Every structure is written in C-alpha cells, then in structure tokens.
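# Geometric and topological summary
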Amino acid sequence: MKTFPDIDPATGETLADIPITSPEELASAVARARAAQGEWSELGFEKRAALLRAAAQGLLARKDELAELVTREMGKPLEDARREVQGFVGGIEGQLVEMERALAPEILRGGGCETRIERDPLGVVAAITPWNFPIGMPLEILVPALGTGNTVVFKPSEHVPLSGARLAEGFQAFLPEGVLVLVQGAGEVGAALVEADVDMIGFVGSRETGKRIMESASRGLKRLVLELGGKDPLIVFGDADLEAAAECAVHHSLRNTGQVCCSVERIYVDESVAERFEAIVLEKARAWKHGSGFTEGVKMGPLVSEEQRRKVTEQVEAAVAAGARLLLGGTRLEGQGWFYPATVLADADESTDLSRNETFGPVVSLSRFSGDEDEAVRLANDTTYGLGANVYTGDLERGQRIARRIRSGQVGVNRYLGGVAGAPWVGARQSGFGFVGGVDGHRQFTLPKSISYPVAD
Ligand code: ADP
C-alpha cells in the first residue's frame, strides 16, 4: 500500500502516513457514487436538505476537534480555525435556503403548450479542494453538489487529509451509502478522478491546476466549476479614511499567512498620502506576530509547505533586487517549520513576479499612483486575473464608478469585498470558470430540463 506523509507545517514532523487511493479503489469509489445517485436524486430536495442539516449539526457538535485538526495540519491560528468551522458549517443552513429557491420549477405557457423547467442534478461530481480553508472550501462544493441531488467523490488536498476525512465522516454518518465517497492523494489522484466516469468537476485551487483540469475535462465535455486564484488590487484615493484602508490592506494581505485566493496582493496609494499611509501600514503590520497556531496571541501560522515558502521568498528577493524598498520582514527564518514573517514592501517594479503573479504569502505590497481615476482603473485591471478588488475613497459615488469599471467578480467599496451572504462568489477572467454561491451558483450543479405538454389556452 502506497502512502503519503501528512506534515505539520509548524514543526516539519509527520503527523500521519495516509494511504493513497489506488486506481482500482478510485474506480470503485466512482462506481459507488454512480450507483447511489438515482435514489439520492429521487429522495427530493426536502429530505436531502434534512439530512444535510443533521450533518451540519453533527459537525458543529465536533467543531473544537475539527478546528484543532485544521490548525495541526495547515497551521492557521486556532481562533481562525474555529471561526472557519463555525462560519462555514453554520452557513450550510443559508446555502440550503438559497438552494430551495434555485431548484423551484418554473412554468412557461404559450401557444397551447406548457413547459415545466426542472433542475436536474448532473450525476456524479468530483470535488477537488485546497488546503487554505480545509473545511470552508470543500463545503462550497459539497453542499450545493449534494443538495441539488448529485453524489460526490471528494478528494481533499494532500496537505489536509485528516481534516478532509473528518469532514467527510461528518456527512457520511447521515447520508446513504455511496452519496459521498472520500479518496485521498495528491495531484495524480486528482487527475485520475477528473478522467474517471464523473459528470462534473467542482474545483477550488490554483489557476495552473484549473487549466489542466479544464483540458482533461474537455475530452468528455464534463461540466466544470473552477474557483481559482487572484492578484487582487486595493486602491486608496487621497480623500479616503486612511486608517480604515490601512487596516483592510494589512489584515487582508496577512490573514491566513496570505494564503487566501482573495488576499489583497497589490495596493495602489494616491502619492499625496502615500507616506502617511506607509507609516500606518507599518505600525499595523508589526503587530502581526507569527508562530504556532496553538500559541495564544499569534496572528499568523506557518506557510503550508517548504515549497510555498520557497516561492514567497523568491518573489520577495527578486522584487528587492529589482529596486523595491523592504520596510519590514522579508528575511528567511531559521529553525523548524515553514514560517515567514509579516513583510511590507514598497515600490516593487510592475514587471516583477511579485507584482504579476499570485504570492500566497504574508506580503503587503505598496505602490503609488497619481490619484487619477483612469490610472487607478488601468492599474487594477492590469492583470490576467479577476477575482476581487477593493477601493477606498471619501466619495462613495466615485468608489462605485470605479467598481463598475474593474473587471473582477466582486469589489468592496470602503470595506473589504466580502458582501452579504447569498451573493455568488465569482472569478472573472482567469480567476475562475463557472462559480458558486447564491441561487445562480447552486444552479451550476444542475441541468435545466424542459418538459412540455399541451394545455388549453
Ligand atoms: P494549491 O497548491 O494552492 O492547493 P493546487 O491547484 O495545486 O493548489 O491544488 C488544489 C487541489 O487540486 C488539491 O487537492 C490537489 O491535490 C489537486 N490537484 C493538483 N494537481 C491536480 C491535477 N492535475 N488534476 C486534478 N487535481 C489536482
């Protein structure tokens, strides 16, 4: 039996050796999900929702255990892990309320005909998810996939196999056999699952892997929802509340050690206030102490892997070599674990890897602009990504005007981009394909099927 090591990123120690799902086991997992799909679909939404609600209650009853596992496997501070579990598991109820609306049949009438549009499940969904929110990201795929009547083969990230397994067990305790099947392994198992007899792939992860999945899925014309990365800008105009803008900039550059798809990755500050802004940012960033996620007062855990730390280190070093001013951090840490300090850089050249490609590390990157609206929009859109953006200005109308011109799925004006629950989560351009959340998002896991019959006008 082949295994892979589940490594604690705070110590580099192996927590467990996890058996890799073999090709035969994978085929059998998909076959079990296929066999269970018809009955699961026929159960109807209300009964499915009741079972998913019961699973959510069960998971909430074990939330402390889940949160500890998350911190152990990927390093985030325990408080953050608790918030993740509570927030996302607690959010299942809202997802189910939206889903009921998404699945309600529509009736069209005309010319002696009535057409009833029903939302059918697609069949078997492969759920392939990342490690940065080991509970939250899987739930974005599992809940709509299951709630709409699909069955699921779930592969958690190889960095968080135990969190994934515990989450899967939490559902399996309430669901019929085969409705949710777990497989374990790294990219090869993910790639084999995409190639297997599945109808849809729900994926959250990096853009490069998303492209590979799309290529492979094209051979079977399989349906896709791909939630990918970003290079989100934050624009600060001269009339903005600098304190609030700096808080957003620092928090959302450093949160989860920067390992968030919608992290603030580029900050453009009106040059008339840039010096003052820089000083506020520095003071705030100094408070972001790193350490074990189990230590009280620590705001950032380690990066998830040695590889991730190497990437962040290389981006920062190359930017500094190309003329960026290093204001805080930026030094490789000695000792065990994949720690990297809170880092603040200014004036990185626009052509550097740090300015162009996702960093996924704890780096606050400050640049200046003239204060002109067109320039702000040009800079914000100067990327192949399009996940999120944030704008701070004393003029709310200007903020909204800019928001409309930015090519991304979500924009925050004078607040971080996260909005009211029920809004879809959308990656524009190379940040995604398809999307999740809200009525429209849930419908992506279904096929609108029309049944037409004669009626008297
Ligand atoms: P990250 O390293 O940021 O998590 P990845 O895109 O590498 O991003 O990984 C996200 C998920 O995709 C993980 O579960 C990983 O195992 C899986 N994965 C990696 N490569 C492939 C692939 N070629 N096909 C399918 N899944 C993959």
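This one's a predicted model, so the numbers in the text were calculated from it and none came from an experiment. (Residues numbered from 1 in each chain as written. Predicted model: local features only at pLDDT ≥ 70, side-chain atom pairs only at ≥ 80, totals over all residues. Heavy atoms only, no water.)

### Overview of the overall build of the protein
Along the protein, the regular secondary structure elements total 16 helices and 20 strands. Taken over the C-alpha trace, the protein has a radius of gyration of 23 Å; the compact-globule value for 457 residues is 23 Å, and the two agree within 12%. Its C-alpha atoms put the protein at 70 × 60 × 40 Å along the principal axes. Per-residue burial over the protein gives 55% buried out of 457 residues. Considering only contacts within the protein whose residues lie at least 6 apart along the sequence, 72% involve residues at least 24 apart. Summed over all atoms, the accessible surface of the protein reaches about 18900 Å², with 51% contributed by carbon and sulfur. Each charge class in the protein was averaged separately, 49 positive and 65 negative side chains, and the resulting centres sit 2 Å apart. (Helix = DSSP H or I, 4+ residues; strand = E, 2+ residues; numbered from the N terminus. Rg over C-alpha atoms; globule rule 2.2 N^0.38 Å. Buried < 20%, exposed > 50% of the residue type's maximum accessible area, 1.4 Å probe, protein only. Contact = heavy atoms within 4.5 Å. Areas by Shrake-Rupley, 256 points an atom, 1.4 Å probe, with all protein chains shown as cover. Lys, Arg positive; Asp, Glu negative; His and termini not counted. Charge placed at Lys NZ, Arg CZ, Asp CG, Glu CD.)

### Points about the pattern of salt bridges
Counted according to the given criterion, the structure contains 30 salt bridges. Residue K76 is joined to E84 by a salt bridge in which the shortest nitrogen-to-oxygen separation is 2.7 Å. The pair K76 / E84 is uniform in exposure class, with both members buried. Salt bridges linked by common partners bring R62, E65, R166 and E169 together as one network. (Salt bridge = Lys/Arg side-chain N within 4 Å of Asp/Glu carboxyl O.)

### Overview of the pairing of strand 10 (residues 232-236)
Along strand 10, five of the five residues are buried, which leaves the element largely enclosed by surrounding structure. Pairing of strand 10 with strand 11 (residues 264-270), which is carried by five bridges, proceeds in the parallel orientation. Looking across to strand 11, one finds that I235 is bridged to Y268. Crossover connection from strand 10 via helix 10 (residues 242-254) to parallel strand 11: handedness right-handed. (Pairing = 2+ DSSP bridges. Right-handed = clockwise from strand over helix to strand, strands pointing away.)

### Here's the deal with unusual backbone geometry
In this structure, T257 is a non-glycine residue whose phi angle is positive, near 55°. If you trace the backbone, T257 turns up in the loop between helix 10 and strand 11. Residue classification places T257 among the buried positions, given a relative accessible area of 2%. In the Ramachandran plot, N414 falls in the positive-phi region, its phi being about 60° despite a non-glycine side chain. On the secondary structure map, N414 appears in the loop between strand 16 (410-413) and strand 17 (425-426). On the accessibility criterion, N414 (34% relative accessible area) is partly exposed.

### Overview of the domain arrangement of the protein
Partitioning the protein into domains gives domain 1 (3-228 + 429-454) and domain 2 (232-420). Spacing between the C-alpha centres of domain 1 and domain 2 amounts to 30 Å. Opposite the 22 residues of domain 1 that make contact, domain 2 presents 28 residues. Carbon and sulfur atoms supply 55% of the area that domain 1 and domain 2 bury against each other, a total of about 2300 Å² over both sides. Applying the counting rule to domain 1 against domain 2 returns zero salt bridges. Along the contact surface separating domain 1 from domain 2 lie 13 residue pairs in polar contact (both at pLDDT 80 or more). Listed by contribution, the elements that provide at least two residues to the side of domain 1 that touches domain 2 are helix 3 (63-74) and helix 4 (78-90). Broken down by element, the side of domain 1 that touches domain 2 gets its largest block of residues, four residues, from helix 3. Of the residues belonging to the side of domain 1 that touches domain 2, the class tally is eight nonpolar, eight polar and six charged. (Domains from an automatic or database assignment. Buried area = accessible area lost by both parts, 1.4 Å probe. Polar contact = N/O pair within 3.5 Å; in protein donor to acceptor, adjacent residues only side chain to side chain. Nonpolar A, V, L, I, M, F, W, Y, C, P; charged D, E, K, R; others polar.)

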